[in-house]
Amino acid sequence: MKKIKKISDFNFNSKKVLVRLDLNVPIKNKKILDETRIISSIPTLKEIIRKKGVPVIISHFGRPNGKKNNLFSLKKICASLSKHLKKKIIFCNNCIGIEVKRTLDDVKIGEVVLLENLRFHSGETNNNKNFAKELSKYCDIYINDAFSASHRKHASIDNISKLLPSGIGKNMEKEIFNLNKFLKNPKKPLTAIVGGAKMQNKISLINNLIKRCKYLILGGGVANTFLKSNKFNIGKSIYEKKQLKNAIKIQKKAKENNCFIVLPEDFTILEKGRSKNISIIKLNNLKNHQILDLGSLSTWVISEIINNSKTIVWSGPLGYFEKKPYDRATNKLCSFINSKKNLISIAGGGDTIAAINKNKKINNFSFLSTGGGAFLHWLENYTLPGIEVLKK
Ligand code: 3PG
């Protein structure tokens, strides 16, 4: 097994450096809602420029299914990237072919190029060798700085690294360092908080967490599915019918592993005409209601558990945090974790980070991962396919 090369191991002088970033940021009405991933990519770009290389940025954006679609163009990221890098970005309308050749033939040291969305070609998601070859054609070095996309065995993550001298960027280095440091041998007791709407993509993660955690706190739609599996009436609340059996199995396994699964006991519900005044209801009193957030008792129980933990790992909001007042439990959790000076706190996932970043005073987390699916995937195996391929 090879040691993974870092930015500091390369001579970039006069080299065109293909840099895989994850510029897949949330956008609404042409406005970028969270720039974390763009900001995290700046140190790598700056370092390549400082060492007289030319960054040629590649990324995916959304899921355009292998077809060109302007709705998914990376052009809309140029302004933000340029603002944070303090440099003009040369945008190329394709990521392979003659347009790329022309752009890169003319490019000078000190300039930065951004190529169009990789996923306009099906070869990207199929990990196609020829597509990877096309991508690599006009560049000298490949740097993967897209931790949050490295759970995907796609051409720009996997096959490309077999064609060029390859290594990782500074953001990737930071992610691997911090996740290893805090979570490989965590300070115990370890508590995990898993929320969000769906548990479908979190099953192996939860199965892994129950072997390592003293407490597993559940919120959001995930908690609803567990409550439903225990035959509670959850009214009109969202849950996953297909996961009910899994929820039962997980609870049995958790008991065998001495892990306590903590389910909510009260909720903030939707009541017509009362969207501003919060209605809180106990689990046993739920009738035809729709759960939108946890209630104050459940939030208090969570804070007590946190008080008795040394490490917290958190992924997924506790309620429908995009809409006030159903962001209360998630915001309270943010502030509470933030107030604990000696607690090791790691959070990841697009929604979780967006919720944390909404509050500028939240700055005491030990580490915030840029990964969504990648963060969950890392927690399952303590590595990612995009990291492993660089060791081969
Ligand atoms: C993410 O947002 O988690 C990454 O950009 C990966 O996106 P994907 O789930 O569309 O592969």
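See the structure shown above.
From a predicted model like this one, the values you see are computed outputs, not experimental measurements. For every chain, the first residue of its written sequence is number 1, and the numbers climb from 1 along that sequence. Reporting of local features is limited, given that this is a predicted model, to residues whose pLDDT is at least 70; pairs of side-chain atoms are given and counted only at 80 or more, and all residues count toward the totals for whole chains, interfaces and linings. Hydrogens and waters are ignored; side-chain quantities use all the structure's heavy atoms.

K.L.:
How should the overall build of the protein be read in this particular structure?
P.N.:
For the protein, the count of helices and strands is 14 helices and 17 strands. The globule rule is 2.2 Å times the number of residues to the power 0.38, and the radius of gyration it is compared with is taken over C-alpha atoms. For a compact globule of 392 residues, the expected C-alpha radius of gyration is about 21 Å, and the protein comes in at 22 Å, within 12% of that figure. With the C-alpha coordinates aligned to their principal axes, the bounding extent of the protein is approximately 70 × 45 × 40 Å. Within the protein, the proportion of its 392 residues that are buried is 56%. When contacts within the protein are restricted to residue pairs at least 6 apart in sequence, those whose partners lie at least 24 apart make up 73%. We get accessible surface area from the Shrake-Rupley algorithm with a probe of 1.4 Å; when it comes to residues, only the shown protein chains can shield them. Carbon and sulfur atoms make up 50% of the accessible area of the protein, which amounts to about 18,800 Å² in all. Put simply, DSSP H or I for four residues or longer makes a helix, DSSP E for two residues or longer makes a strand, and each gets a number counted from the N terminus. Using a 1.4 Å probe on the protein chains alone, a residue whose accessible area is under 20% of its type maximum counts as buried, one over 50% counts as exposed, and one in between counts as partly exposed. Whether two residues touch is decided by their heavy atoms; if any such pair falls within 4.5 Å, the residues are in contact.

K.L.:
Is there a simple way to explain the pairing of strand E5 (residues 89-92) in this structure?
P.N.:
The side chains of a regular strand alternate between the sheet's two faces. Following DSSP output, two strands are said to pair if at least two bridges run between them. Inspection of the sheet shows E5 paired to strand E6 (residues 112-115) by 4 bridges, in the parallel sense. Following the sheet pairing, isoleucine 89 is matched in E6 by valine 112. Of the crossover connections in this fold, the one passing from E5 over helix H3 (residues 98-106) to the parallel E6 is right-handed. With its strands directed away from the observer, a crossover is right-handed exactly when the path from the first strand over the helix to the second travels clockwise.

K.L.:
Even after reading the chapter, I still don't get the packing of aromatic side chains, so can you show me in this structure?
P.N.:
Two measures describe an aromatic ring pair: the distance that separates the ring centres and the angle between the ring planes. Stacked, edge-to-face and tilted labels apply to pairs of Phe, Tyr and Trp rings (six-membered ring for Trp) whose centres lie within 6.5 Å, assigned for plane angles under 30 degrees, over 60, and everything in between, in that order. For the structure on display, the rule yields 3 aromatic pairs. Their ring planes at 15° and their centres at 5.6 Å tell us that phenylalanine 10 and phenylalanine 12 sit as a pair that is stacked. Two thresholds decide whether a charge sits over a ring: the Lys NZ or Arg CZ must be within 6 Å of the ring centre and within 35 degrees of the ring normal. The cationic tip of lysine 5 hangs over the ring face of phenylalanine 10; the distance from NZ or CZ to the ring centre is 5.3 Å.

K.L.:
Sorry if this is basic, but what is going on with the site of the ligand here?
P.N.:
Near the ligand the following residues occur: Asp22, Asn24, Arg37, His60, Arg63, Arg119, Ser148, His151, Arg152 and Gly373. Residues adjacent in sequence count toward polar contacts only when both atoms are side-chain atoms; beyond that, a polar contact is any pair of N or O atoms within 3.5 Å, and within protein one must be able to donate a hydrogen and the other to accept it. Between an oxygen atom of the ligand and a side-chain N or O atom of asparagine 24, the distance comes to 3.0 Å. One of the side-chain N or O atoms of histidine 60 is found 2.9 Å from an oxygen atom in the ligand. Burial of the ligand by the protein amounts to 86% of the accessible area it has alone, namely 320 Å². Gly counts as polar in this scheme, as do all residues outside two lists: the nonpolar Ala, Val, Leu, Ile, Met, Phe, Trp, Tyr, Cys and Pro, and the charged Asp, Glu, Lys and Arg. Grouping the constituent residues of the shell around the ligand by class yields no nonpolar, 5 polar and 5 charged. Proximity is defined per residue: if any heavy atom of the residue lies within 4 Å of a molecule or strand, that residue is considered near it.

Limitation: the analysis is restricted to geometry and does not speak to function.
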